[in-house]
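Coordinate analysis (summary)
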Amino acid sequence: MSILTAEECARIHAGSLDVLERLGIRVDDDGILALLRRHGARDGGEADTVRLPRELVAECLATCPPAARFADRSGGQRELGPGGPAVFWTGNALHLAEGRARRELLTADLAMLTRVADACPEVDGMVGTSVADVPPGARDVVGFRTMAAHTAKHLRPCIFTPPGATAIVEMGQVLAGGTPLGQQPLVSFGYSIVSPLHWSATGLGVFRNTAGHGLPLMINSEPMGGGTAPVTLAGSLVLANADALSGIVIAQLLERGRPVIYNLGFAHVLDMSTSVALTGAPENALLQSAGAELARFHGLPSASWMSTEAMLPDGQAAWEKMQTGLAHATHGVNIVWGAGNLESTLCMSAEMLVLDDEIIGAIRRFTRGIGVSDETLALSLIQEVGHSGDFLSTDHTLRHFKEEIRHSRFPTRSKRDAWDRQGRRTIEEKAAARVREILGAEPRGYLSPEQDRELGRIVTGYLAALPA
Amino acid sequence: MSMRAKRLEAIRSGTVAGQAEAVLPLVREALADGVPPGVLLQEGLIAAMDEVGQRFERGDCYIPEMLLSAKVMRAAVEILKPHLISARVDPVGRIVIGTMEGDLHDIGKNLVGIMLQGVGFEVVDLGSNVKPARFVEAVDKHRPGFVGFSTLLTTTMPGMGRTIAALDAAGLRAGLRVVIGGAPVSAGFAREIGADCYAATATEAAQTLRELAK
């Protein structure tokens, strides 16, 4: 099922071009304003606003590569673009969920979460969080070192200040060794516009300070249908597309040909009784899947999150994350983040992370689909087994059962007696046990002594230079 | 490790891995070298199926792999059979199995049969849709220690009670243990109809009956 027809994509895009041309964007950075003006942006009527002619948007879209490359430190590289597979990352957060409560997330918690993510086979990348025990200006830098120490997966720090971005590019180069980081993008960046149509100095600083290396940049629109965007989902998409395109223009003017990820996948809708900006509702699945279709319309990679409003890993969390994750994967989102997230992405939970790992495995099995070939049609086997026969003991079953029927040990799939015998455990209890098992194992270090020393040197220098 | 122990270990591990091409020649060689067939059966093949059963219970192996091991075991037992008979090695036990009258679902019952053979039982499989009279006839003929009924349907469950009654009426119940299984039945139902035991899975059936046969 596709959500938008090609004609509807074109109408939304035409609306966004009109918004950018007539209303324009607000830009909290004089240098970027000047850059935009030099390339044909027109006065927006206020000192910090500019209107973007459609020719400029088209020209910048044309210089975006159709795919972005992401690397990890195990030698893996993936090209992500329209028609390609989905990868799944963890999520950003401020808090750690503990039982029914939450508390501030600390550096040790990020280390713990990274270890859990590292043990989750379906999780492809680690996203940075806030770490409350570090001064606000250095949380990204300290967090990055923590993540790098505990996993070799792709790292996606969440940046809190532009100098943090500069330091992390330097740290990324340490991890990449002799190879230029852009050729081996172990690290990627991104930032969200303040919808509607307002780029903050921090976001623009991140764009600028990470430019020039060929590193992927995720450009996020975060409209809130009914709040910061029209309540009609189509109207939200017009604004979200305009938000993202304006970021793409800036990114391309800073670095021509920089790989960008067009991300309408953090779109919210406002709950009209609680005023919560929802992330795991069916409307999110619709907006964010439509975002992937618009990305394909532009020929760009896309992103989103699988998210929930639930406070703990419970039934609500499972259904909301499955609905959003499955919708996004089947509609062609390339990067789905949010593994481990709860509470509208405010919280991380180690238990939710291992449950999401399982949800992602199920999603991946679904999107792999059904292979049809002479071998899989099994016509001669059907003749051979005949009426009332069994296929269980055939070689054909032995050859194919593992790829055809995804094994899953996590959800209850035993008979009642076995379930009784094994302590009648709920999925939440099994998740907690799995987390204990992961954390009970000897931690695996991922930094060489030299890398550890170098990263330590950069972090120490950064902390020392931090304004009091 | 002695040559004999090495060979037994190779038979055991080859059976666990489902490698007929490795196991069968070793069984023939061992027989030719005078290893008693009972030892080959117990320490090679049954030990292998024990391990396979344990791995399956732990979730470390899957049904098709277990069946492959069972296939190797059966092929090896075919080689051993004449030697076992001449050496007067008795099977662990004998069982007559079948699905209830009206029930054609036999995949679970087949699995039970394979697993029981795997732990050394002699299995007389009456197939599916078996009338009480046929069970009576087979029990009378083979004089097994056990008889096993399975059903998938609630509608054919009453056949289990009727079959037990028919065995009673024929005077065959003494010394005969009735085991039942299948999705709709339970340990409680087994007690209700006067069956001796219930097993939820094929591996459980194999373990339980082996204990009872001791």
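All residue numbers here refer to positions counted from 1 along the written sequence of the relevant chain. Following the order in which they are written, the chains are lettered starting with A and the ligands numbered starting with 1. pLDDT decides what is reported in this predicted model: residues at 70 or higher carry local features, side-chain atom pairs at 80 or more are listed and counted, and totals for whole chains, interfaces and linings draw on all residues regardless.

Brief notes about the overall build of chain B
Numbering of helices and strands starts at the N terminus; helices are DSSP runs of H or I of at least 4 residues and strands are runs of E of at least 2. Scanning chain B for helices and strands turns up nine helices and five strands. Its helices and strands in sequence order give chain B the pattern α-α-α-α-β-α-β-α-β-α-β-α-β-α, from N to C terminus. This radius of gyration counts C-alpha atoms alone. The globule rule is 2.2 Å times how many residues there are, raised to the power 0.38. Over its C-alpha trace chain B gives a radius of gyration of 18 Å, about what one expects of a compact globule, namely 17 Å for 214 residues. In terms of overall dimensions, chain B has a C-alpha envelope of 55 × 35 × 25 Å along the principal axes. Across the 214 residues of chain B, 45% fall into the buried class. Here the C-beta atoms are placed from the backbone, and a residue counts as buried if at least 20 other C-beta atoms lie within 10 Å of its own, exposed if 12 or fewer do, and partly exposed otherwise.

What about the sheet that holds strand β17 (residues 277–278) of chain A?
Residue and element names in this part refer to chain A. At least two bridges found by DSSP between two strands is the condition for calling them paired. Strand order in the open sheet made by the three strands is β14-β16-β17, with mixed pairing throughout. The open sheet has two edge strands, β14 (224–225) and β17, and neither has a second partner. Sheet topology note: the strand β16 (residues 268–270)/β17 ladder contains two bridges and is antiparallel. Paired with Leu270 across the strands is Ala277, a residue of β17.

Quick look at the sheet that holds strand β1 (residues 93–99) of chain B
Residue and element names in this part refer to chain B. The strand order across the open sheet built from five strands is β2-β1-β3-β4-β5, with neighbouring strands paired in parallel fashion. The sheet terminates laterally at β2 (121–125) and β5 (197–198), the two strands that pair on one side only. Bridge count between strand β4 (residues 177–181) and β5: two bridges; the pairing is parallel. Note that in β5 the partner of Ile180 across the bridge is Tyr198. Here, residue contact means that the backbone-derived C-beta atoms of the two residues sit within 7 Å. Lines fitted to C-alpha atoms define the axes here, with helix axes fitted over just the stretch in contact, and angles between the N-to-C directions of these axes take values from 0 to 180 degrees. Sheet contacts for helix α9 (residues 202–213): β1, β2, β3 (146–150), β4 and β5; angle to β4, the most-contacted strand, approximately 170°.

Observations concerning the domain arrangement of chain A
Residue and element names in this part refer to chain A. For the purposes of this description, domain bounds are those given by an automatic or database domain assignment. Here chain A is described as being made up of domain 1 (6–61), domain 2 (66–368) and domain 3 (374–404). Summarising the inter-unit geometry, the C-alpha centres of domain 1 and domain 2 are found 25 Å apart. Contacts between the two partners involve 22 residues from domain 1 and, on the opposite side, 23 residues from domain 2. Only α1 (6–22), β1 (25–27), α2 (30–38) and α3 (54–62) provide two or more residues apiece to the side of domain 1 that touches domain 2.

Some details on the confidence of the model for chain B
A residue's pLDDT is the predictor's confidence in that residue, given on a scale from 0 to 100. For chain B, mean pLDDT is 91; residues scoring 70 or higher make up 100% of the total. Least confident of the elements in chain B is helix α5 (residues 107–118) of chain B, whose mean pLDDT is 88; most confident is helix α6 (residues 132–142) of chain B, at 96.

Here we look at the packing of helix α1 (residues 3–16) of chain B against helix α2 (residues 20–32) of chain B
All names here are of chain B. Close contact between α1 and α2 brings their axes to 9 Å; oriented N to C, the two are set at 150°. It follows that α1 is roughly antiparallel to α2 by the angle criterion. Taken as a pair, α1 and α2 cross one another with a handedness that is left-handed. When α1 is examined against α2, the residues Arg7, Ala10, Ile11, Gly14 and Thr15 are found in contact with a partner set consisting of Ala22, Val23, Leu26, Val27 and Ala30. Here the residues of the contact of α1 with α2 sort into seven nonpolar, two polar and one charged. For classification, angles of less than 35 degrees are called roughly parallel, those exceeding 145 degrees roughly antiparallel, those between 65 and 115 degrees roughly perpendicular, and all remaining angles oblique. The sense of a crossing depends on the near helix, which, turned anticlockwise from the far helix by less than a right angle, makes the crossing left-handed and, turned clockwise, makes it right-handed. Under this grouping Gly is polar, as are all residues other than the nonpolar Ala, Val, Leu, Ile, Met, Phe, Trp, Tyr, Cys and Pro and the charged Asp, Glu, Lys and Arg.

Regarding the domain arrangement of chain B
Residues and elements named next belong to chain B. For chain B, the assigned domains are domain 1 (3–86) and domain 2 (93–213). Taking the mean C-alpha position of each, domain 1 and domain 2 sit 26 Å from one another. With 10 residues of domain 1 in contact, the opposing surface of domain 2 contributes eight residues. Of all the secondary-structure elements, those providing two or more residues to the side of domain 1 that touches domain 2 are α3 (37–58) and α4 (63–86). Per-element tally for the side of domain 1 that touches domain 2: the top contributor is α3, with six residues. Its residues placed into classes, the side of domain 1 that touches domain 2 shows seven nonpolar, one polar and two charged.

As for the interface of chain B and chain A
The interface of chain B with chain A comprises 11 residues on the first partner and 11 residues on the second. Breaking the side of chain B that touches chain A down by element, the ones donating at least two residues are α4 and α5 of chain B. In terms of residue count, the dominant contributor to the side of chain B that touches chain A is α4(B) (four residues). By residue class, the composition of the side of chain B that touches chain A is eight nonpolar, three polar and no charged.

Regarding the pairing of β4(B)
Residues and elements named next belong to chain B. The buried count for β4 comes to four of five residues, which makes it a mostly enclosed element. For the crossover that starts at β3, traverses helix α7 (residues 158–169) and ends in the parallel β4, the hand is right-handed. For the crossover from β4 across helix α8 (residues 187–193) to β5, the handedness is right-handed. Crossover handedness is defined by viewing with both strands directed away from the observer: a clockwise path from the first strand over the helix to the second marks the crossover as right-handed.

Overview of the environment of Asp357(A)
All names here are of chain A. As for its placement among the helices and strands, Asp357 is situated in helix α11 (residues 350–368). On the basis of neighbour counts, which here come to 23 C-beta atoms within 10 Å, the residue Asp357 falls in the buried class. Distance in space between the C-alpha atoms of Asp357 and Ala117 is 8.6 Å, their sequence separation being 240 residues. Apart from the residues within four sequence positions on either side, Asp357 is in contact with Cys120, Pro121, Glu122, Val123 and Ala339.

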